[in-house]
Amino acid sequence: MSEKIKFAVVGCGHIGKRHAEMITRNEECELVGLIDVKDKSQLGIESYDAPFFASLDEFLASGIEVDVINIASPNGFHFEQSYKVIDAGKHVVVEKPMALKKQHAEKLIFQALHKHKQVFAVMQNRYSPPSAWVKEMVESGKLGNIFMVQLNCYWNRDDRYYKTESWHGKKDLDGGTLFTQFSHFIDIMYWLFGDITNIQAKFADFNHATLTDFEDSGFVSFDFVDGGMGSLNYSTSVWNQNLESSMTIIAENGSVKIGGQYMDKVEVCNIKDYVMPELAPTNPGNDYGAYKGSAANHHFIIENVVDVLKGRNTITTNALEGLKVVDIIERIYDKK
């Protein structure tokens, strides 16, 4: 693949526009289609010079040549649309979560293997410098055995986010707080420490009863299959603005805490015979006006797709890891 890699984007909301933007900024890429059920005039996509389609089927029937299709539609459509893309013989980049059911994620992976196509799962928090640093600390054994890991995710998501006309908050399209808001953090935890077992959980719906079809808060505890125990405490009931996203690690040779609104700062590093290096700055969070999202690392995802398809690098988040995040969330929600 020496020529430009051709992309189309399904879903032209906040995140879909980020995909389109990163594709157009990459000189090895070409944007050949934008797809959304809404009227083009409502979407704010005038700056993109690409044909517009009202459905994925319509785009696939157009005969436009495309290598990769990015799925940035509501969560409940991810599996069905990704499957359609793979079935059509194209690679797919799928926003988190890859699916809302483990069996759907498995089906997608099976089809991708059958068709020899790549499934790129979007988990952009892996690219932040603190995440990469902790990964190195865990893998190199500098921390020794892991004893305890605590993940705290306390965000504000109120009626500025859960609008009546939005898919956010709807059980079938959104899936739940862990799928839409905090799957990135579950991904980081899985990436660092592996799978979990012995899950216990309790959930509450404090102030979202009229806004969403599901819980807004939860306490979850578990053991790691590879040793050590962990907890995930989360809420979207925080007043007015995000409070924190943090990960505290207590290990044999020391303690680490990553904090800040997007786990973008190393707040504590107390490790035996170790001096903390200066890390590169983290990209700012995605800004949606009234509310904030995760660090804006989508350009790394597009670069990785290009590198993989041109045979220069391996995939950063493979489909199996995307499946594991869905599986872990599904097992937590089974405790309801």
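A quick note: this is a predicted structure, and the numbers were derived from the prediction, not measured. (Residues numbered from 1 in each chain as written. Predicted model: local features only at pLDDT ≥ 70, side-chain atom pairs only at ≥ 80, totals over all residues. Heavy atoms only, no water.)

**Looking at empty space enclosed by the protein**
Right, so step 1: What the rule picks out here adds up to two cavities of 30 Å³ or more.
Right, so step 2: In this structure, the largest cavity spans a volume of roughly 60 Å³.
Right, so step 3: Around the largest cavity, the lining residues are F120, A121, M123, Y127, I301, N304, V305, I315, T316 and T317.
Right, so step 4: Counting only elements with at least two residues in the lining of the largest cavity, the list comes to β6 (119-121) and α9 (298-309). (1 Å grid on protein atoms, 1.4 Å probe; cavity = no way out; pocket = protein on both sides within 12 Å on 5 of 7 lines; lining within 4 Å. Points joined across faces, edges and corners; volume = space filled by probe spheres on them. Helix = DSSP H or I, 4+ residues; strand = E, 2+ residues; numbered from the N terminus.)

**As for the sheet that holds β6**
Right, so step 1: Spatially, six strands are ordered β3-β2-β1-β4-β5-β6 in an open sheet, and the strand pairing comes out parallel. In the strand order of this sheet, the two ends are held by β3 (52-53) and β6, each with one partner.
Right, so step 2: Along the sheet face, helix α1 (residues 14-25) touches β1 (5-10), β2 (29-35), β4 (68-71) and β5 (91-94) and points at about 155° away from the line of β2. (Pairing = 2+ DSSP bridges. Contact = heavy atoms within 4.5 Å. Axes fitted to C-alpha atoms, helices over the stretch in contact; angles between N-to-C directions.)

**Some points on the packing of helix α5 (residues 129-139) against helix α8 (residues 183-193)**
Right, so step 1: Where α5 contacts α8, the axes come no closer than 9 Å and their chain directions differ by 25°. Relative to α8, the element α5 is oriented roughly parallel. Seen along the crossing, α5 lies across α8 with a hand that is right-handed. Between α5 and α8, the contacting residues are S131, A132, V134, K135 and V138 on the first element and I188, W191, L192 and F193 on the second.
Right, so step 2: For the contact of α5 with α8, the per-class residue count stands at seven nonpolar, one polar and one charged. (Parallel < 35°, antiparallel > 145°, perpendicular 65-115°, else oblique. Left-handed = near helix turned anticlockwise from the far one by under 90°. Nonpolar A, V, L, I, M, F, W, Y, C, P; charged D, E, K, R; others polar.)

**Overview of the environment of H114**
Right, so step 1: Position of H114 among the secondary structure elements: in helix α4 (residues 102-115).
Right, so step 2: By relative accessible area, H114 is classed as exposed at 56%.
Right, so step 3: Along the primary structure H114 and S41 are separated by 73 residues, whereas in three dimensions their C-alpha atoms are 39 Å apart. (Buried < 20%, exposed > 50% of the residue type's maximum accessible area, 1.4 Å probe, protein only.)

**Section: α9**
Right, so step 1: The terminal C-alpha atoms of α9, which comprises twelve residues, lie 17 Å apart, in line with the 16 Å expected from a rise of 1.5 Å per residue.
Right, so step 2: Of all the residues in α9, the buried ones are H298, I301, I302, N304, V305, V306, V308 and L309.
Right, so step 3: Of the residues one or two after α9, G311 is the one with positive phi, at around 70°. (Expected span 1.5 Å × (residues − 1).)

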